[in-house]
Amino acid sequence: MLGLRCLAATVPVRAGWKERRLLRQVGRGAAALVKAGVRRVLTAEEFPHWAALEAAGLRPVAPETFCQALAAPLALAALAAQGRKPEEASVLLSGPGASPALVQAAEALCPRVRRLAVDGGAAGEELACWLRLEFGAAVEPPGLARPHVALCFGPPERQGETAFRLYGSRPDLAGFVPVVRGFRQPAGLARLPLLALLWEAGRLEVEQVTFLPPHAG
């Protein structure tokens, strides 16, 4: 996949098998992957037997860091879907502090949007002051009422006309679907973990990712 070599395991299943036998087969497949040196796996979106994989020592590909790297282009995609120009829009960035990903998104969006608010405690206030000095931008206090886009890098979640939850094991992209032009998504694999893995491996750049809005997904 985009030059990344992967090892695939197929678990044969027959109709009528009881749950115990099915889990035993999944466990055998997981053990074979571990023996081959695999530590993280990609599965279908709603794969039901993660407990068996984890018991064997396997873990999923976490998409959180990848999704946070997509924060700025996600915000711009949401504004486009709303029919708003960035220079007429408001964006809120929130989280328990000013993480590197939040700072990166703020730097990218501050020169482009009309109003930017940062809700990140004391660190967020320091970041807002720095943005004002660096860009001369109108950085709003964190109490910005219902922004057009809210980018949440951690709890508590904030509301917006479009709100993205960019943290946790299952980030919520508000129905937006990330796509990579020229890359054919393999059938049966969850999209976000797959793209996150390719990004981690240096096979994919954030600039290659575009987004289908909810009504087009």
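Scroll up to find the structure this text is about.
Everything in this summary refers to the structure shown in the same document. (Residues numbered from 1 in each chain as written. Predicted model: local features only at pLDDT ≥ 70, side-chain atom pairs only at ≥ 80, totals over all residues. Heavy atoms only, no water.)

### Examining the sheet that holds strand β6 (residues 149-152)
Item 1. Spatial strand order, β5-β4-β3-β6-β7: 5 strands in an open sheet with parallel pairing. Taken across any chain shown, the strands that pair with only one partner, and hence form the sheet edges, are β5 (139-140) and β7 (162-165).
Item 2. With 2 bridges connecting them, strand β4 (residues 115-119) and β5 associate as parallel partners. Bridge pairing in β5 links L116 to V139.
Item 3. The strands touched by helix α4 (residues 71-82) within the sheet are β3 (90-94), β6 and β7, with β6 carrying the most contacts at an inclination of about 155°.
Item 4. This element, helix α5 (residues 100-109), spans β3, β4 and β6 of the sheet and lies at about 165° to β3. (Pairing = 2+ DSSP bridges. Helix = DSSP H or I, 4+ residues; strand = E, 2+ residues; numbered from the N terminus. Contact = heavy atoms within 4.5 Å. Axes fitted to C-alpha atoms, helices over the stretch in contact; angles between N-to-C directions.)

### A short note on the pattern of salt bridges
Item 1. Scanning all chains against the criterion turns up 5 salt bridges.
Item 2. Across the pair E200 and R40 runs a salt bridge, and its minimum N-O distance is 2.8 Å. One end of the pair, E200, is in helix α7 (residues 191-200); the other, R40, is in strand β1 (residues 40-41), and 160 residues separate them in sequence.
Item 3. Judged by its relative accessible area of 41%, E200 is partly exposed.
Item 4. Owing to a relative accessible area of 29%, R40 belongs among the partly exposed residues under this scheme.
Item 5. A salt bridge links R165 to E157; the shortest N-O distance between them is 3.4 Å. (Salt bridge = Lys/Arg side-chain N within 4 Å of Asp/Glu carboxyl O. Buried < 20%, exposed > 50% of the residue type's maximum accessible area, 1.4 Å probe, protein only.)

### Quick look at the environment of R114
Item 1. Tracing the backbone shows R114 in the loop between α5 and β4.
Item 2. Distance from R114 to V91, taken between C-alpha atoms, is 8.4 Å for residues 23 residues apart in sequence.

### A look at the packing of aromatic side chains
Item 1. In total, this model carries 3 aromatic pairs according to the counting rule given.
Item 2. With 5.6 Å between their ring centres and 50° between their planes, F66 and W199 make a pair best called tilted. You can see F66 sitting in helix α3 (residues 64-69) and its partner W199 sitting in helix α7, a full 133 residues away along the chain.
Item 3. For W199, a relative accessible area of 24% translates into the label partly exposed.
Item 4. Stacked on the ring of Y167, the Lys or Arg R165 has its end atom at 5.9 Å from the ring centre. (Phe/Tyr/Trp six-rings, centres within 6.5 Å; stacked < 30°, edge-to-face > 60°. Lys NZ or Arg CZ within 6 Å of the ring centre and 35° of its normal.)

### Overview of helix α1 (residues 19-35)
Item 1. The terminal C-alpha atoms of α1 lie 24 Å apart, and with 17 residues this matches the ideal 24 Å at 1.5 Å per residue to within 8%.
Item 2. Within the sequence span of α1, burial applies to L22, Q25, V26, G29, A30 and L33. Down the axis of α1, the sector holding all buried residues measures 135°, keeping them to one side. Those residues of α1 that are exposed and aimed more than 90 degrees away from the buried face are R20, R28 and K35.
Item 3. Here the buried face of α1 lies against β1 and α2 (50-55).
Item 4. Following α1 by one or two positions, G37 adopts a phi angle in the positive range, close to 100°. (Expected span 1.5 Å × (residues − 1). Arc of directions from axis to C-beta.)

### Observations concerning helix α6 (residues 121-135)
Item 1. Taking 1.5 Å per residue, 15 residues should reach 21 Å; α6 reaches 21 Å between its end C-alpha atoms and fits that length.
Item 2. Buried within α6 are the following residues: G124, L127, A128 and L131. Buried residues along α6 cover an arc of 105° about the axis, so they all sit on one side. Those residues of α6 that are exposed and angled more than 90 degrees off the buried face are A122, E125, E126 and L133.
Item 3. Those residues of α6 hidden inside the fold are in contact with α5, β4 and β5.
Item 4. Of the residues one or two after α6, G136 is the one with positive phi, at around 65°.

### Considering a positive patch on the surface
Item 1. Residues R14, K18, R20, R21, R24 and R28 make up a contiguous surface patch of positive charge.
Item 2. Within the secondary structure, K18 sits in the segment before α1.
Item 3. On the basis of relative accessible area, K18 is assigned to the exposed category, the value being 68%. (Patch = residues over 30% accessible without salt bridge, like charges linked within 9 Å, V, L, I, M, F, W, Y side chains within 5 Å. Areas by Shrake-Rupley, 256 points an atom, 1.4 Å probe, with all protein chains shown as cover. Lys, Arg positive; Asp, Glu negative; His and termini not counted. Charge placed at Lys NZ, Arg CZ, Asp CG, Glu CD.)

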